[in-house]
Amino acid sequence: MLISPGILQKVLQSSKILFYAALLTLNMAWGQNWFQNQKNEKRFQKAVEHYNEGRFAIAESLLENLLSNSGNIYAEPALLLSMKVNLGLERFEKVKVAGREFFKKYPESPYLKDIYLTLGDLFINESRFPSAYRMYHLARKESIASDFTKKIDNRLLKLIHISLSLEDLEQLLVLEIDETARQIHLLAIAFAENNAGNPALSASTLNQSVLALIPELYLELYEKLLRTSFTPASSMATIGIVLPLTGRNAPQGKSFLRGFQKALKKQNYLDQNITLIIKDSREGELEVIKAAGIFKKLPEISLIVGPLMDENVFASSAILTSGQIPVILPLSVENGLEKVFINIFQFNSNLEMRGKLAARYAVLNLGLDSLATIAPADDFGRQLVTAYITEVNRLGKTVVASEWYSGLPKDLRSQFKALRKTGFKLLPEENFFDEFLGMEIDSIDALFDVSADD
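Caption draft 1: Here's a closer look at the overall build of the protein. From N to C terminus, the protein includes 19 helices and 7 strands. Of all 454 residues assigned to the protein, the portion counted as buried reaches 39%. The long-range fraction of contacts in the protein, counting pairs at least 24 apart against all pairs at least 6 apart in sequence, stands at 58%. In the form shown here, the protein has an accessible surface area of approximately 27900 Å², with 57% of it arising from carbon and sulfur atoms.

So this is what it looks like as C-alpha cells:
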C-alpha cells in the first residue's frame, strides 16, 4: 500500500506536535520537582538550625511536611532528625518507633551510624548503660570519619568508667570479630575487674590486649590499668549529679559543675576511683523528679549532689531521701530539712543558722548590747530576723528596733530615720546648762534660796 506524500506530511506534523507536548510536560514536571526540592531543602535546613539552637518543638513542626511525603529526597535525613528532636523533647517511645521505621525503610542508609548514636544517647537517658554501650559500638563500626569515631570513643570511655556488667562485656567479647572492638571490650572488662577488687584478673585480661590495635584515645586508660592492676584494689564511687545545664539557671549549674570537676581532679584520690553520672534538671520540677527516680534505681550510686535551686528541693526530697544515699544540696537555705530528712546535707547554712551567727558576731565579737535590724518583709527576711532576735535575747542583749522594706532596697531613708529616732531616745538625758556654766549643781543646792546677788 502506497502512502501519498500529503498524508505522510500530516503524519509527521502530528508526531512532531506530540513530541513537543511530551517534552513540554516533562520540562514542567522537572521544574515542579526542582522547585519542590528547593523548598524542602530550605525547610530541612531551617529545622536543623532550630534543632542546633535547642528549639526542638519548632524543628518538629518543620519536619512534619517532609515526613508526610516519603518520595522527597529529604525524607531519610528528616526521619533521623525527627529521632533527635524527640530525644531532645524526651519522647523516648517516639524515638524507638522512628528508629524501627528507619531500619525498615532504609536498611542500607549512610545515616545508620547516626541512628545508632541517637539510640545510644536514648539508652543513656534511660540509664540503660549496657544497651548504650552496644549501640555506640555499632555506630563505631559504621563510622568512616575520624571526628565521628572520636565522638563515639569519648562516649564509650565514659561508659567504661561506670564499670559495666562483667557478664554483658564477656558475652560481647565472645561474639565480637572486629579486632579494634575486641580491644575496647578487653579494656572495659579489665576496668570492671579492677573495680570489683580483682587486680590479678585485671592484669590477666590486659595481657590479652594487643597494644598496636588499641585506639589512641584509649591508651591513657590502658596505662592506668597497667599501673593499678599491680597495686591493691581501689574502691569505686559513683556520684549522681542533678543540675540545671539548660534554661535560665544554666549559668549557675554549669559553673557549679566545672568547679566540682576541677576539685575532683585536684584531689589525689589514690584509694578510690570516682565516676560522675550527670542529669540535666533544666527548669522544671518534673525533670528533677525523673533524675531522682533514676538515681534511686542505680545501686552503684553512693552520693547524690543536687538539685541546685530551692524550688526543686521539695519536689525531689521525698524520692531522694527514701533510701540511704546521702544527698548534698549545694545552695539550699531552707530551714529544717536536716530534721525531716536525716540523709540530707546542706553546703549553705540555712537562714536560721545565718541569723544566729550574725547575732553572735554582733554581741560576742563587737561587744554591742542594743541592736536593730532592717530586713525585707518576706519569708526570707522574717526567718532571718526571727533567728537573729532569738539569739540576741539568749545572749542577754536587746534588739531595740526592727524595720522592714518591700521589693528592692532602693530608698531606705524612712527606715534609717526611724532607727536614728530610736537611737536618740536611748541616749541618757543631759543637762545642757552644765557645759555652759562649767560646773555641776548638786541636788542639795535646791534646798537653799539663792539670790541674784549671790
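Caption draft 2: Quick peek at the packing of helix α6 (residues 129-142) against helix α8 (residues 166-175). Packing of α6 against α8 leaves a shortest axis separation of 10 Å and a crossing angle of 25°. Between α6 and α8, the crossing angle belongs to the class labelled roughly parallel. By crossing handedness, the relation of α6 to α8 is classed as right-handed. Contact residues: α6 offers P130, Y133 and R134, while α8 offers D168, L169 and L172. Residues that form the contact of α6 with α8 fall into these classes: 4 nonpolar, no polar and 2 charged.

Caption draft 3: Spatial organisation of the pairing of strand β7 (residues 398-405). As judged from the 7 bridges shared by strand β6 (residues 370-376) and β7, these two strands associate in the parallel manner. Across the sheet, A372 pairs through a bridge with A401, a residue of β7. Handedness of the β6-helix α17 (residues 379-394)-β7 crossover: right-handed.

Caption draft 4: Quick look at the pattern of salt bridges. The final tally for this structure, using the stated rule, is 16 salt bridges. One salt bridge connects R360 with E391, and the closest N-O pair in it is separated by 3.0 Å. On the criterion of sequence distance, the pair formed by R360 in helix α16 (residues 351-365) and E391 in helix α17 is long-range, its members being 31 residues apart. Taking the relative accessible area as the measure of exposure, R360 reaches 32% and is therefore partly exposed. The class of E391 is buried, set by a relative accessible area of 3%. The shortest N-O distance in the salt bridge between R382 and D379 comes to 3.2 Å.

Conventions used here
Residues numbered from 1 in each chain as written. Predicted model: local features only at pLDDT ≥ 70, side-chain atom pairs only at ≥ 80, totals over all residues. Heavy atoms only, no water. Helix = DSSP H or I, 4+ residues; strand = E, 2+ residues; numbered from the N terminus. Buried < 20%, exposed > 50% of the residue type's maximum accessible area, 1.4 Å probe, protein only. Contact = heavy atoms within 4.5 Å. Areas by Shrake-Rupley, 256 points an atom, 1.4 Å probe, with all protein chains shown as cover. Axes fitted to C-alpha atoms, helices over the stretch in contact; angles between N-to-C directions. Parallel < 35°, antiparallel > 145°, perpendicular 65-115°, else oblique. Left-handed = near helix turned anticlockwise from the far one by under 90°. Nonpolar A, V, L, I, M, F, W, Y, C, P; charged D, E, K, R; others polar. Pairing = 2+ DSSP bridges. Right-handed = clockwise from strand over helix to strand, strands pointing away. Salt bridge = Lys/Arg side-chain N within 4 Å of Asp/Glu carboxyl O.

These results come straight from atomic positions and should not be treated as a statement about function.
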